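# Summary of the model geometry
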Amino acid sequence: MHKYIVCIGSNYNRTENLAFARQKLTEQFSPIYRAPELETEPLFFKNPALFSNQVIMFFSDKDEELVKRILKDIELASGRLPEDKKEEKVCLDIDILLYDDKIIKPEDWEREYVQQSLSALYSSLSIK
């Protein structure tokens, strides 16, 4: 089994889109373990819309490439369109942060809200 830690985020219909992501992740990778949702300021956007972010951990026998495709399909099913990028509208973004013991996105991994979420997640699971 492989360990995955992903971050889901949205700045558009945030509540609905994060709920959709959790539902789809649960259908594909049950059980999922999740940190509390956090509201964050946009980092690189001019659009002032706040983001809702959540760190989720799950285990799967699926390899990294297959999981990436599944996550991309979930993003598209949420209504994410290529043209949304111009408007800085993020229906749903799902990024793999950690695969087994390999940090996939070091910049994202180091973000304060991700570290805060990881701490909360590990505390709730009694993982050191």
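Everything in this summary refers to the structure shown in the same document. (Residues numbered from 1 in each chain as written. Predicted model: local features only at pLDDT ≥ 70, side-chain atom pairs only at ≥ 80, totals over all residues. Heavy atoms only, no water.)

## Notes on the overall build of the protein chain
Where we set the bar: What counts as a helix is a DSSP run of H or I of at least four residues, what counts as a strand is a run of E of at least two, and both are numbered from the N terminus. C-alpha atoms define the radius of gyration, and 2.2 Å times the number of residues to the power 0.38 defines the globule rule.
When you go through the protein chain residue by residue, the secondary structure sums to 5 helices and 6 strands. Scanning the protein chain from its N terminus toward the C terminus, one meets helices and strands in the order β-α-β-β-β-α-α-β-β-α-α. For the protein chain, whose C-alpha radius of gyration is 14 Å, the value lies close to the compact-globule estimate of 14 Å for 128 residues. Referenced to the eigenvectors of the C-alpha coordinate spread, the extents of the protein chain come out at roughly 40 × 30 × 25 Å.

## Topic: the state of the cysteines
Put simply, the test is: Any two cysteine sulfur atoms within 2.5 Å of one another count as a disulfide. Burial status follows relative accessibility: with a 1.4 Å probe on protein chains alone, a residue under 20% of its type maximum counts as buried, one over 50% as exposed, and anything between as partly exposed.
Going through the model one piece at a time under the given rule, you end up with 0 disulfides. In this model Cys7 remains outside any disulfide bridge; the closest cysteine sulfur is found in Cys91, 16 Å from its own. Given the relative accessible area of 3%, Cys91 is considered buried.

## Structural notes on the nonpolar core
Put simply, the rule reads: Residues belong to one nonpolar core when they are buried, are Ala, Val, Leu, Ile, Met, Phe, Trp, Tyr or Cys, and are joined through side-chain atoms within 4.5 Å. Contacts are assigned to residue pairs with any non-hydrogen atoms lying within 4.5 Å of each other.
Membership of the largest hydrophobic core comes to 18 residues, with the highest contact counts inside it found for Ile8, Leu25, Phe29, Phe58 and Leu71. The set of elements that each furnish at least two residues to this core consists of strand E1 (2–10), helix H1 (14–29), strand E4 (51–60), helix H2 (64–77) and strand E5 (93–99). When sequence neighbours within four positions are dropped, the list of residues in contact with Phe58 reads His2, Lys3, Tyr4, Val6, Leu25, Phe29, Pro31, Ile32 and Val67. In this structure, Cys7, Met57, Val114 and Leu118 belong to the second largest nonpolar core, which totals 13 residues.

## Some points on the packing of H1 against H2
Operational definition: Under this scheme, a helix contributes an axis fitted over its contacting stretch, all axes are lines through C-alpha atoms, and angles between N-to-C directions fall in the 0 to 180 degree range. Should the near helix be turned counterclockwise from the far one by less than a right angle, the crossing is left-handed, whereas a clockwise turn marks it as right-handed. Charged residues are taken to be Asp, Glu, Lys and Arg, nonpolar residues to be Ala, Val, Leu, Ile, Met, Phe, Trp, Tyr, Cys and Pro, and polar residues to be all remaining types, Gly included.
Taken N-terminus to C-terminus, the directions of H1 and H2 make an angle of 145 degrees; their axes are 10 Å apart at the nearest point. In this structure, the crossing between H1 and H2 has a hand that is right-handed. Here Phe20, Ala21, Lys24, Leu25, Gln28 and Phe29 of H1 lie close against H2, whose contacting residues are Val67, Ile70, Leu71, Ile74 and Ala77. A breakdown of the residues in the contact of H1 with H2 according to their chemical character gives 9 nonpolar, 1 polar and 1 charged.

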